[in-house]
Every structure is written in structure tokens, then in C-alpha cells.
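# Topology and contacts: notes
Here are the chains, one letter per residue:
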Amino acid sequence: MDYKKLDDVTIIGLIQQSQSDALAELYDRYGRLVFGLAFNAIRDQALAEEITQDVFMRVWDKASTYQKEKGKVITWLANIARYRTIDVLRYQKIRAEGHSSSWDELPFFDPPDSQNIEKDVELAHEAQRVRDALSSLPKEQQVALALAYFRGYTQEEVAAELGEPLGTIKTRIRLGMLKLRRILEE
Amino acid sequence: MEAENHVLESIPAYALNSMGQEDRLQVQEHLRLCASCRAELDAYQRVVEELAYAIPRAIPPADLKHKILHSLPEKRVPVAQTQPASVWQRLWGRQRSFSPVWAFTSLFLVIILAASNLWLWQRVSKLEASSQAGFQVVALAGTDKAPQASGMLVISHDGDMGTLVVDSLPPLDDAHQYQIWLNRDGQRANGGVFSVSKDGYGALRILTNEPLIQFKTFGITIEPTGGSTEPTGDKVLAGSL
């Protein structure tokens, strides 16, 4: 079976049936995303590796919990990776200093994956669209959103981290999300 | 019926999961009653989903894929095709591939288990005989959302406390947990949240302000991590006293 020709939902179905080759294909597609998310939030190669391994083991164990009506595979996977990373951040009490706290500080260089060019092009196109939307936000809104998204901070924690009033942070998050919504729905 | 005071300003932060627990529960309560705010939430949740595309990629170590694939459990029962294997079926499946030494060891363990079970039953019988009001047990059956699941709620002899044990519930993602609801006379109380192991096993000690014995029916639903003020997700187990 040529797994590269299968869509993400079919791949998840095959993982449910214990086909490790399907998990390998999912890793080829999204391993860099999961590792990238963990590494950019934590800046620790060993921990990021551990998180990536844990995320794909969870996918192997919990593939049956994926519901295509509730979202795409990439977002389901990103959520698992994000919550796992946030757990590690909280457990290790890693602070934001020295780590990425804004979307435009992140190295938006996606290493090419010659194994799956079509998928790469599709993801790169979608990524560029979202990144353009993010970069159109004022810097302070980007920072607030990044702390909430990558680090799992509540608005109160974002306010404490940035030394800003809570009301200001609430406004930044609300306006940032509103603008993103308008752009992405176009 | 729709709630009067909408929570539109809070919905972006709610979708981003960046609200404190108390505020989050208030928004959740409103969302339960308000279809228009739920539609807003859907729109913002799509925005959060889109953010996944903007996550920067990085090249993992070359051997990580190999490490992951070689750490997968050797056998795993396909969920979509068959009923999950019981603990005994899994043990038997493993035993078949083991050596004769293991077979004898297993037989020995079975005999020990049988003997200890007998002893425990005798102890339980004695305890029951000596107790004027014994434990009450509520059997919980899986709904069509989790037909293979089962559970048991054991209520203390004074009716104040209880312990919930469940088996074969599907493990949930990190954003969700199971929550038990206690119902009586049209009123509902939160009994607590819990997660299950990858085998679907979970346990929870239930502490309520009122004696547990006063509740007549019990239900378990899937809720966002941390729990909800009212049931919002699928019911997976139910039972009555």
C-alpha cells in the first residue's frame, strides 16, 4: 500500500487498526510540526524529543478518539502536542525568558521534506496564509496570543508575565483573535 | 431558551483556553443556553485550529522515528473491528506466545489468585454479616456511545461517601475528561472528574456536600478538562440506585 497517497483521515483509520506503517507516514507528515512546536516552546532538544515521542505514542494509543467531524487531523495532532508541551512547561516550571514569546520571533523556515512534496506544498501554502494573518497583528497582540497558545497561559498569567494590566491583555487577545478571524474567513 | 447577557467578548479567550477556571465556568454555563454564542465559539475555535498551520517546523533527530516505531506495543486490538479484549483475553494472548516455564508460572499464579479470592470472599461475607447496613453498589452500564464500558459505584454504609470504578472507557485526549453527575428530584450535582488509563480503567473517590445515598441516578459524560457546571458532552455510563 502506498501510504503517501492516502489522506490524513484514512491514515488515522489505519493507525486504529494497528498499522505501524501508517504511524510512520503520519510522522513523516507531521513529525517536524510536533517537534518544532515542542522545541520552540522549550528550547531543549532532549525534552522536545521526549514530547514528540510521547505525542506519537498517544496517537498510536488514542487514534480511536479522533473524530473527523470535530476538526482536521493536523489540528487534533497539534492540540495533543500543545497540551503535552504545556504540561511539561508547567511541570518543569520553565519560564518564558529566553524562549519564543511571539510569532514573528519564531524561525518560520520549514525544512523541506522531499518524501512528500505534494503534502509539503499544501501545508506550506496554508502556513503562509496563517502566518501572514498573524504578522498583520500589532506586535503586542502577537505576543499575548503566542503566550496563550504556545505556553498555555491564562490571561492573568500573560498579564503577570508582561507586567501589563489584566484589562489590557484581555483587550489584546480579543482584538487579535477578532482580526485573525476576519482575515482567515476571507 | 437563550440567555440574555451574552459573553461575546469572552469567547475569543475561551476558544484559546486562556481564561481562569472561574470565568471559564461562567462562560461555559452561558454557552450551554445560548445558541448564538455557541456559533461564535465555533468560529473562534476554527481560528485556533488554523493556528496549528503557523507552528514552525523543526527537524527532529534522525533516529527519533525509528525509536518511536520500535517502542510501539507489539499487539494492539483494532478498536473499530472488534470488541476490546478483556484483561483475561489479553493475558491469555500473551501466554500463548510464552514458553512452558511461563505456562507453569501462570498456572501457579492462577491457583494463588483463586485461593486469595476465596479467602477474600470469606472476609467479605464476615464483614457483611457483622455490618448492620452494608455497602450499596450501583452498577453503571455503557450507553450506545461506549457500549463496552462498565462501572461500579460503591457507596459507604453510612451513605456519605462513594468510590467509582470504571473499565473499558475509551481514553480521551488531553483536552477532555470524564465527569460523574449525581441526580435527584430534577437536581444535578457534580461528583468530580477523572481520566482513564490507556486500558480504559479509572477510579474516583466521590465527595459531596450531601450524602451520596440521597441521589437516585448517576451518569458519566465527556467534558472539557477540569469539568463543566452542567453536562455538555456525550453520556457514556449510567445507572440508578
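Above this text you will find the structure in question.
Residues numbered from 1 in each chain as written. Chains lettered and ligands numbered in written order. Predicted model: local features only at pLDDT ≥ 70, side-chain atom pairs only at ≥ 80, totals over all residues. Heavy atoms only, no water.

## Here we look at the overall build of chain A
Just so we agree on the cut-off: In DSSP terms, a helix is any run of H or I states spanning at least four residues, a strand is any run of E spanning at least two, and both are numbered starting from the N terminus. Each residue is assigned to one of three classes by its accessible area relative to the maximum for its type, calculated with a 1.4 Å probe on protein chains only: buried under 20%, partly exposed between the two thresholds, exposed over 50%. Contact definition: two residues touch when any of their heavy atoms are within 4.5 Å. Only the protein chains shown count as cover for residues, with accessible areas throughout obtained via the Shrake-Rupley method and a probe of 1.4 Å.
When you go through chain A residue by residue, the secondary structure sums to eight helices and zero strands. Here chain A holds 186 residues, and 55% of them are scored as buried. If you take every contact in chain A between residues at least 6 apart in sequence, the share linking residues at least 24 apart comes to 66%. Accessible surface for chain A amounts to roughly 8,300 Å². Of this, 51% is attributable to carbon and sulfur atoms.

## As for the sheet that holds strand β7 (residues 217-224) of chain B
In a beta sheet, neighbouring strands pair by backbone hydrogen bonds and run either parallel or antiparallel. All names here are of chain B. For clarity, the cut-off: Strands pair, by our definition, only if DSSP identifies at least two bridges between them. Axes here refer to lines fitted to C-alpha atoms; in helices the fit is confined to the stretch in contact. Angles between the N-to-C directions go from 0 to 180 degrees.
Taken in spatial order, the eight strands make up an open sheet running β5-β4-β7-β8-β1-β2-β3-β6, and their pairing is antiparallel. Looking at strand neighbours, the two that pair on one side only are β5 (187-194) and β6 (202-206), the edges of this open sheet. Direction aside, the axes of adjacent strands within the sheet are offset by 20 degrees on average. Alignment of strand β3 (residues 162-167) against β6, held across five bridges, turns out to be antiparallel. Considered in β6, the bridge of Thr 163 is made with Arg 205.

## Quick word on helix α4 (residues 73-92) of chain A
Put simply, the rule is: For a helix, the expected span equals 1.5 Å multiplied by the residue count minus one.
In this model α4 of chain A runs 28 Å from its N-terminal to its C-terminal C-alpha over 20 residues, within 8% of the 28 Å that 1.5 Å per residue would give. Extensive coverage of α4 of chain A is indicated by the burial of 14 of its 20 residues.

## Observations concerning the environment of Leu 41 of chain B
Residue and element names in this part refer to chain B. The topology assignment puts Leu 41 in helix α3 (residues 35-51). Judged by relative accessible area, Leu 41 falls into the buried class, the value being 10%. Between the alpha carbons of Leu 41 and Ala 13 there is a distance of 9.9 Å; along the sequence they are 28 residues apart. What Leu 41 contacts, discounting residues up to four positions off in sequence, is Ile 11, Tyr 14, Ala 15 and Leu 31.

## Section: the pattern of salt bridges
Residue and element names in this part refer to chain A. Here is the rule we go by: We define a salt bridge as a contact between a side-chain nitrogen of Lys or Arg and a carboxyl oxygen of Asp or Glu at a distance within 4 Å.
For the coordinates displayed, the defined rule picks out 16 salt bridges over all chains. Among the ionic pairs, Asp 2 bridges to Lys 5, the shortest N-O distance being 4.0 Å. In this structure, Arg 29 engages Asp 8 in a salt bridge whose closest nitrogen and oxygen atoms are separated by 2.6 Å. One end of the pair, Arg 29, is in helix α2 (residues 20-42); the other, Asp 8, is in helix α1 (residues 8-16), with 21 residues separating them in the sequence. Overall, the relative accessible area of 4% leaves Arg 29 in the buried class.

## So, the nonpolar core
The line we're drawing: The nonpolar core is taken to be a set of buried Ala, Val, Leu, Ile, Met, Phe, Trp, Tyr and Cys residues, with the residues joined through side-chain atoms within 4.5 Å.
If you look at the biggest cluster of nonpolar residues, it comprises 81 residues, and the most contacted ones within it are Ile 12, Ile 15, Leu 26, Val 59 and Ile 173 of chain A together with Leu 16 of chain B. When residues of this core are assigned to their parent elements, the largest contribution, twelve residues, is made by α2 of chain A. Residues in contact with Ile 173 of chain A, not counting those within four places in the same chain, are Ala 144, Leu 145, Ala 148 and Gln 155 of chain A together with Ala 13, Leu 16 and Ser 18 of chain B.

## Considering the interface of chain B and chain A
Note the threshold: Each of two parts loses accessible area, computed with a 1.4 Å probe, when they are put together; buried area is these two losses added.
Taken together, the contact between chain B and chain A spans 47 residues of the former and 71 residues of the latter. For the pairing of chain B and chain A, the buried interface totals around 5,500 Å² over both sides, and the portion due to carbon and sulfur atoms is 63%. Linking chain B with chain A are four salt bridges. The shortest N-O distance in the salt bridge between Glu 40 of chain B and Arg 181 of chain A comes to 2.9 Å. At the level of elements, α1 (11-15), α3 and α4 (64-70) of chain B are the ones that each hand at least two residues to the side of chain B that touches chain A. Among the elements that take part in the side of chain B that touches chain A, α3 of chain B stands out by supplying nine residues, more than any other.

## Some words on the pairing of strand β2 (residues 150-155) of chain B
Residue and element names in this part refer to chain B. Burial along β2 is one-sided: Gly 151, Leu 153 and Ile 155 are buried, and none of Ser 150, Met 152 and Val 154, which face the opposite way, are. Where strand β1 (residues 136-142) and β2 come together, six bridges link them in antiparallel fashion. Across the sheet, the residue bridging to Ala 141 is Ser 150, located in β2. What sits between the antiparallel neighbours β2 and β3 is a turn of six residues, in which Gly 159 has the positive phi angle 80 degrees.

## Digging into α3 of chain B
End to end, α3 of chain B covers 25 Å across 17 residues, agreeing with the expected 24 Å (1.5 Å per residue, within 8%). Every buried residue of α3 of chain B is accounted for by Cys 37, Leu 41, Ala 43, Tyr 44, Val 47, Val 48, Glu 50 and Leu 51 of chain B.

## Things to note about unusual backbone geometry
In the Ramachandran plot, Arg 43 of chain A falls in the positive-phi region, its phi being about 60 degrees despite a non-glycine side chain. Secondary-structure assignment places Arg 43 of chain A in the loop between α2 and α3 (45-62). Here the phi dihedral of Asn 17 of chain B falls at roughly 60 degrees; this positive angle occurs in a residue that is not glycine. As for its placement among the helices and strands, Asn 17 of chain B is situated in the loop between α1 and α2 (21-33). Under the relative-accessibility criterion, Asn 17 of chain B is labelled partly exposed at 28%.

## Here we look at the packing of aromatic side chains
Using the following cut-off: Aromatic pairs are defined between Phe, Tyr and Trp rings, using the six-membered ring for Trp, whenever the two ring centres lie within 6.5 Å; interplanar angles under 30 degrees are classed as stacked, those over 60 as edge-to-face, and all others as tilted. Counting as a charge over the ring demands two things of the Lys NZ or Arg CZ atom: a distance within 6 Å of the ring centre and an angle within 35 degrees of the ring normal.
Applying the stated rule across the entire model yields five aromatic pairs over all chains. For the pair Tyr 149 of chain A and Phe 150 of chain A, a centre-to-centre distance of 5.4 Å together with 80 degrees between the ring planes defines the contact as edge-to-face. Neither Tyr 149 of chain A nor Phe 150 of chain A differs from the other in exposure class; each is buried. Looking at Arg 82 of chain A, its charged tip hangs above the ring of Tyr 149 of chain A, at a distance of 4.1 Å from the centre. The ring of Tyr 44 of chain B carries Arg 181 of chain A above its face, with NZ or CZ at 4.9 Å from the centroid.

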